[in-house]
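# Chain and residue survey
Listed below are the residues making up each chain.
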Amino acid sequence: MNYRQEYPRPQFVRSNWLNLNGVWDFAFDDQTIGVEQKWFQQDKSFDQKITVPFAYQAKLSGINDPNFHDNVWYKREFSVPNTWKNERVLIHFGAVDYRAWVYVNEQFVGFHEGGHVSFSFDITEALTWKTETIVVRVEDPSTDETIPRGKQYWIEQSDAIWYTRTTGIWQTVWLEPVSPTRISKLRMTPDLDNGDIIVEFDVEGELSNKKVDIEISFKNEVVAKDTIQLYENYTKRIINLYNHHIFRTSFHHNGWNWTPETPNLFDIKIILFDQEAKLDEVQSYFGMRKIHTENGMVYLNNKPYYQKLVLDQGYWPEGLLTAPTDEALKQDITLAKEMGFNGCRKHQKVEDPRFLYWADQLGFLVWGECASSPYYNEDAVARLTREWIEIINRDYNHPSIVAWVPLNESWGVPFIRNNKMQQHHSLSMYHLLHSLDSTRLVVSNDGWELTKTDICAIHNYNHGNKDEVAKYEVYKEELLTKENILKSQPAGRGIYANGFNHQGEPILLTEFGGIGFKVGEDAGWGYTSVKNAEDFVSDYKRIMEAVYASKVLHGFCYTQLTDVEQEINGLLTYDRKPKCELKLLKEMNDMWHETIIKEK
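Anyway, here's the lowdown on the structure attached to this text. (Residues numbered from 1 in each chain as written. Predicted model: local features only at pLDDT ≥ 70, side-chain atom pairs only at ≥ 80, totals over all residues. Heavy atoms only, no water.)

### A few points about a nonpolar patch on the surface
A cluster of nonpolar side chains, namely Ile246, Phe247 and Phe251, defines an oily patch on the protein surface of about 360 Å² accessible area. With respect to the helices, strands and loops of the structure, phenylalanine 251 is situated in the loop between strand 17 (234–240) and strand 18 (266–274). (Patch = residues over 30% accessible without salt bridge, like charges linked within 9 Å, V, L, I, M, F, W, Y side chains within 5 Å. Areas by Shrake-Rupley, 256 points an atom, 1.4 Å probe, with all protein chains shown as cover. Salt bridge = Lys/Arg side-chain N within 4 Å of Asp/Glu carboxyl O. Helix = DSSP H or I, 4+ residues; strand = E, 2+ residues; numbered from the N terminus.)

As structure tokens, then:
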């Protein structure tokens, strides 16, 4: 069976492509002899089969081996359609963890480091136009604590909050024919205050006699069209979409703008011509969406918006970091919305673009977060920085993403409380992300020991079990006022690092709950525990009552959407079965509470 056959790059769509997912030849290289013995040569045979795009640790890969194998090799044959002969041929990798060397017909075509985002190489010169062979060598150092690994454990057996690793190819591999002169980059920035969409694009190649048509549609009706004669590789156009129509704005209702309740999207088509001959066509979409903070609140499209997020780690029992199907990505969003959540924080994972596509389409806020390294040194700084530059480049156009989270709970900066270098790293990530993206919020260190930040994001699991009444009352009191919450040290750490303090930014409770509820034979743990669905619902209500009683919180992120391996503190089981009636959770998430922060 060939898995994951859907188009893998929904924000930059071309009609012609070839999916290379499926069964590949595969080999472990535990003795690290593959390079010396030239395993990239075509006559080298590998002793196993693997189903791409699943890592060898996953059941769906066909191998299902959780042990350390830091060096692995992939190989497969493919044919390129003869109709592509006048085009350049690119090979795309959705993600390969962690380092990848790619060979086509024994020729080295490229190297990439970083396990979470896409990359591509032009392989045209290596093709024979007969049966082609691709070999991918991967190195994923299992115990290196200075690479961004997130929840992938550097000890062989999963434990506590760390899980099975993902090594090698874990997102779609595909081929694409492109014109030598083509659209190479598209960046769309909504300017809600003026009703404009700012369209920027790059064209690679020879520009003489080239022109571009831009067409924007809303609900299948063309609303703007422009033709541009090209003289430079970079082009920028500002196109007004409101056109003096008040009901297109957010003044009376949501208008033409994007929100979780009204996920309005515009389709955009960019066509490149050489005189009258079409060279390239790219289709995409965008949403008119603005996010900012003001008076201790988060504003969506210039209105206060209370975020009800759920922590989503993006693991599946048979695919690990790789969703088994596109429908599985969509299902996580629909289930979360059914429970009354309006978004998620993707935790320690850069999610598949298909998830972001469904978040855009269905209306679901996303906080984007990259995997952290466990430890700090100059290599860890460089690796995280490079990764984030690629993340912004890939995901900038998704309207669902409203915040970036470069650091979590001081992971990778364990001494940030008073270590100036680590504080500078946090500050540099905050300013780097704002230098690349002025349209979103940045949370400097989600949980505690914050530096400069757009949101004061606090983690507090100290609600206690039902019979721990005194502990619960302290928890409720800590959340009640700004003074109390900023003085709290829920994990024995201050809310801000030494030398930093609250500057009026909105305060959100971005991890809490984590009620452990064992369903079936699953063994595991939670921050507190219950024994049946009735107690589960009751405990959830008890915690939410404390959150909604707060005079200062302007949103939350509940831990967590699903169980993951030994963690059984999800609202759903690992295989996405509800632990109670979802409508009951929605009723509690929908309980009345004050959404305007009045405390200064």
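### Let's talk about the sheet that holds strand 14 (residues 196–204)
With respect to topology, 3 strands assemble into an open sheet ordered 13-14-17, the strand pairing being antiparallel. Only two strands of the sheet have a single neighbouring strand rather than two, namely strand 13 (182–191) and strand 17. Averaged over all adjacent pairs, the angle separating strand axes in this sheet is 15°, with direction ignored. Sheet topology places strand 14 next to strand 17; 7 bridges connect them, and they run antiparallel. For valine 199, the partnering residue across the bridge sits in strand 17 and is arginine 237. (Pairing = 2+ DSSP bridges. Axes fitted to C-alpha atoms, helices over the stretch in contact; angles between N-to-C directions.)

### A look at the pairing of strand 2 (residues 22–28)
Burial analysis of strand 2 places 5 of its 7 residues in the buried class, which makes it a mostly covered element. Two elements, strand 2 and strand 3 (residues 48–52), share 5 bridges in a ladder whose sense is antiparallel. Its bridge partner being in strand 3, valine 23 is matched across the sheet by threonine 51. Looking at chain direction, strand 2 and strand 4 (residues 71–79) are connected through 4 bridges and run antiparallel. Looking at the pairing, aspartate 25 lines up with lysine 75 of strand 4. (Buried < 20%, exposed > 50% of the residue type's maximum accessible area, 1.4 Å probe, protein only.)

### A few points about helix 1 (residues 326–338)
Working note: α-helix, 3.6 residues per turn, so residues spaced by three or four point in the same direction. The first and last C-alpha atoms of helix 1 sit 19 Å apart over 13 residues, in line with the 18 Å expected at 1.5 Å per residue. Buried residues of helix 1: Asp326, Ala328, Leu329, Asp332, Ile333, Leu335 and Ala336, and no others. Buried residues belonging to helix 1 abut strand 23 (307–312), helix 2 (353–362) and helix 8 (582–589). Phi turns positive one or two residues past the end of helix 1, at glycine 340, with a value near 95°. (Expected span 1.5 Å × (residues − 1). Contact = heavy atoms within 4.5 Å.)

### Quick notes on the pattern of salt bridges
When their charged atoms lie close together, side chains carrying opposite charge are able to pair. Considering all chains together, one arrives at 40 salt bridges under this definition. Linking glutamate 204 and arginine 182 is a salt bridge whose minimum nitrogen-to-oxygen distance equals 3.1 Å. Taken as a pair, glutamate 204 in strand 14 and arginine 182 in strand 13 lie far apart in primary sequence, 22 residues in all. For glutamate 204, a relative accessible area of 39% gives the class partly exposed. Ionic pairing is found between glutamate 215 and lysine 225, a salt bridge with its closest N-O pair at 3.7 Å. With a gap of 10 residues between them, glutamate 215 in strand 15 (residues 210–218) and lysine 225 in strand 16 (residues 221–229) connect regions that are remote in the sequence. Within the structure, one salt-bridge network assembled from shared partners comprises Arg99, Glu113, Glu139, Asp144, Arg383 and Arg386.

### Digging into the side chain of lysine 579
Along the polypeptide, lysine 579 turns up in the loop between strand 32 (553–558) and helix 8. Taking relative accessible area as the criterion, lysine 579 reaches 5% and is therefore assigned buried. Looking at lysine 579, its side chain comes within polar contact range of the main-chain oxygen of glycine 570, at 3.1 Å. With near-sequence residues (within four places) excluded, lysine 579 lies in contact with Phe517, Val519, Ala533, Phe536, Asp563, Ile568, Asn569, Gly570, Leu571, Leu572 and Thr573. (Polar contact = N/O pair within 3.5 Å; in protein donor to acceptor, adjacent residues only side chain to side chain.)

### A few points about the nonpolar core
By size, the foremost hydrophobic cluster in this structure holds 92 residues, and its most contacted members are Phe341, Trp367, Trp388, Phe512, Tyr540, Val547 and Leu571. Of all the elements, helix 7 (residues 533–548) adds the most residues to this core, at 8 residues. If you look at the next biggest cluster of nonpolar residues, it comprises 32 residues, including Ile63, Phe119, Val173 and Leu175. (Core = buried A, V, L, I, M, F, W, Y, C linked by side-chain atoms within 4.5 Å.)

### Structural notes on the sheet that holds strand 28 (residues 456–459)
Sheet architecture is open: 8 strands sit in the order 27-26-25-24-23-32-29-28, paired in parallel fashion. Edge positions in the sheet fall to strand 27 (441–442) and strand 28, since each of these pairs with one other strand and no more. Two elements, strand 24 (residues 343–346) and strand 25 (residues 365–369), share 3 bridges in a ladder whose sense is parallel. Directly across from glycine 343, in strand 25, lies its bridge partner leucine 365. Seen against the sheet, helix 2 touches strand 23, strand 24, strand 25 and strand 26 (401–405) and runs at an angle of roughly 155° to strand 25.

### Here's the deal with the packing of helix 5 (residues 469–480) against helix 7
Running from N to C, helix 5 and helix 7 point in directions that differ by 30°, and their axes come no closer than 8 Å. By the angle between their directions, the pair helix 5 and helix 7 is classed as roughly parallel. Of helix 7, the residues touching helix 5 (which contributes Tyr472, Tyr475, Lys476 and Leu479) are Arg542, Ile543, Glu545, Ala546 and Val547. For the contact of helix 5 with helix 7, a count of residues per class yields 6 nonpolar, no polar and 3 charged. (Parallel < 35°, antiparallel > 145°, perpendicular 65-115°, else oblique. Nonpolar A, V, L, I, M, F, W, Y, C, P; charged D, E, K, R; others polar.)

### Quick word on the packing of helix 7 against helix 8
Contact pair helix 7 / helix 8: the axes reach a minimum separation of 10 Å and the direction vectors enclose 15°. Our classification of the angle between helix 7 and helix 8 gives roughly parallel. In this structure, helix 7 crosses over helix 8, and the sense of that crossing is right-handed. Note on element contacts: helix 8 touches helix 7 through Leu584, Leu585, Met588 and Asn589, opposite Val537, Tyr540, Lys541, Met544 and Tyr548. Taken together, the residues of the contact of helix 7 with helix 8 sort by class into 7 nonpolar, 1 polar and 1 charged. (Left-handed = near helix turned anticlockwise from the far one by under 90°.)

Worth remembering: the numbers are spatial, not functional.
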